[in-house]
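# Structural overview
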Amino acid sequence: MLKTVVSFMIVVLAGCKAHTSIDLGTVGSVDLSRYTGAWYEIALLPNRFQSMCVADTQARYQLDGDVIRVKNRCRKIDGAIEEANGVAKVVEGSNNAKLRVSFFRPFYGDYWILALDKDYRWVLIGEPSRQYGWVLSRTPQLDDASLQIALDKAAALGFDRAAFQRTPQIQPLN
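Rules used in this analysis
Residues numbered from 1 in each chain as written. Predicted model: local features only at pLDDT ≥ 70, side-chain atom pairs only at ≥ 80, totals over all residues. Heavy atoms only, no water. Pairing = 2+ DSSP bridges. Helix = DSSP H or I, 4+ residues; strand = E, 2+ residues; numbered from the N terminus. 1 Å grid on protein atoms, 1.4 Å probe; cavity = no way out; pocket = protein on both sides within 12 Å on 5 of 7 lines; lining within 4 Å. Points joined across faces, edges and corners; volume = space filled by probe spheres on them. Nonpolar A, V, L, I, M, F, W, Y, C, P; charged D, E, K, R; others polar. Polar contact = N/O pair within 3.5 Å; in protein donor to acceptor, adjacent residues only side chain to side chain. Contact = heavy atoms within 4.5 Å. Salt bridge = Lys/Arg side-chain N within 4 Å of Asp/Glu carboxyl O. Buried < 20%, exposed > 50% of the residue type's maximum accessible area, 1.4 Å probe, protein only. Phe/Tyr/Trp six-rings, centres within 6.5 Å; stacked < 30°, edge-to-face > 60°.

### Details of the pairing of strand S3 (residues 67-76)
Relative to S3, strand S2 (residues 53-64) is paired through nine bridges, and the arrangement is antiparallel. Its bridge partner being in S3, aspartate 64 is matched across the sheet by valine 67. Count of turn residues in the S2/S3 antiparallel hairpin: two residues, of which glycine 65 carries a positive phi of about 70°. Here S3 pairs with strand S4 (residues 81-90) via eight bridges, running antiparallel. Bridging from a neighbouring strand, arginine 69 pairs with valine 87 of S4. Two successive antiparallel strands, S3 and S4, enclose a turn made up of four residues, where glycine 79 displays a positive phi of approximately 90°.

### So, empty space enclosed by the protein
Under the defined criterion, the tally for this structure stands at one cavity of 30 Å³ or more. Volume-wise, the largest cavity comes out at about 30 Å³. What lines the largest cavity is simply Leu32, Tyr35, Thr36, Tyr61, Ile68 and Leu99. Among the residues forming the lining of the largest cavity, the class breakdown is five nonpolar, one polar and no charged.

### Comments concerning the side chain of glutamate 41
Structurally, glutamate 41 is set in strand S1 (residues 37-44). In this structure the side chain of glutamate 41 is engaged in a polar contact, spanning 2.9 Å, whose partner is the side chain of glutamine 50. Ignoring sequence-local partners within four residues, the contact set of glutamate 41 consists of Gln50, Thr57, Trp134, Val135, Leu136, Thr167 and Gln169.

### Here's the deal with the environment of alanine 43
Here alanine 43 shows up in strand S1. Remark: the alpha-carbon pair of alanine 43 and arginine 166, spanning 123 residues in sequence, is separated by 4.2 Å.

### Things to note about the layout of surface pockets
Reported here for the second largest pocket is a volume of approximately 160 Å³. Lining the second largest pocket are 14 residues, and of these Glu41, Leu44, Gln50, Cys53 and Gln165 lie nearest its centre. Secondary-structure elements contributing two or more residues to the lining of the second largest pocket are S1, S2 and strand S9 (165-166). Its residues assigned to classes, the lining of the second largest pocket shows six nonpolar, six polar and two charged.

### Considerations on the pattern of salt bridges
For side chains of opposite charge, pairing can occur when their charged atoms come near one another. According to the stated counting rule, one finds 10 salt bridges in the structure shown. Residue glutamate 83 is joined to arginine 73 by a salt bridge in which the shortest nitrogen-to-oxygen separation is 3.8 Å. Placement of glutamate 83 in strand S4 and of arginine 73 in strand S3 is noted, with a sequence separation of 10 residues between them. Take glutamate 83: its relative accessible area is 41%, and that puts it in the partly exposed class. Between lysine 76 and glutamate 82 there is a salt bridge, and its shortest N-O distance comes to 3.6 Å. Classification of glutamate 82 as partly exposed rests on a relative accessible area of 29%. Bridged by salt links that share partners, the residues Asp117, Arg121 and Asp143 form one connected network.

### A closer look at the packing of aromatic side chains
Applying the stated criterion to the full structure yields seven aromatic pairs. Between the aromatic rings of tyrosine 61 and tyrosine 111, the centroid separation amounts to 6.0 Å while the plane-to-plane angle is 75°, which identifies the pairing as edge-to-face. With tyrosine 61 in strand S2 and tyrosine 111 in strand S6 (residues 107-116), this pair connects stretches of sequence that are 50 residues apart. Both residues of the pair, tyrosine 61 and tyrosine 111, count as buried. With a centroid separation of 6.4 Å and an interplanar angle of 55°, the aromatic rings of phenylalanine 159 and phenylalanine 164 are classed as tilted. The two residues phenylalanine 159 and phenylalanine 164 agree in class, both being buried. Clustering of aromatic rings is evident, with ring pairs tying together Tyr35, Trp39, Tyr61 and Tyr111.

Shown next, in the form of structure tokens:
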């Protein structure tokens with residue numbers, strides 16, 4: 001059984017290395033003290049690990065020494081709250097724009113900050129395979145102009161713009 005699980009994980013992780021021909025650049029640098037705190041999911045590329053979430057998806061980041069504590073929460077269809085706790089580590093030499101995040105250690109995934117509002121009001125997150133992407137906001141609602149800027153940037157970086165889906169923020173979690 002263990003051999004099957006390990007083989008499956010190798011195949012999954014190998015699939016994460018597929019790249020398009022467009023370089024996936026990040027922002028120049030991120031001030032982690034400004035970046036930490038609450039973020040609300042405005043849009044995402046649907047994925048299986050968030051499939052139970054139907055609304056009110058939120059992330060909280062907290063500096064803790066050389067790691068960032070991550071708490072993701074969302075509302076499920078029955079109204080219950082789903083919570084996942086993880087850690088993030090800054091990729092050396094990235095000026096804090098690239099993180100490696102884990103909810104299931106020892107497995108880590110890429111979390112790259114691709115676009116960031118100058119006032120840290122919204123952010124576009126993605127990873128090199130372009131299978132995963134998120135637009136987050138400091139508030140439960142993001143104005144359409146800002147969302148379009150983020151999605152245009154995603155498209156320019158090779159993401160499927162039309163595949164992004166809005167996340168309802170009906171009763172934001174505190």
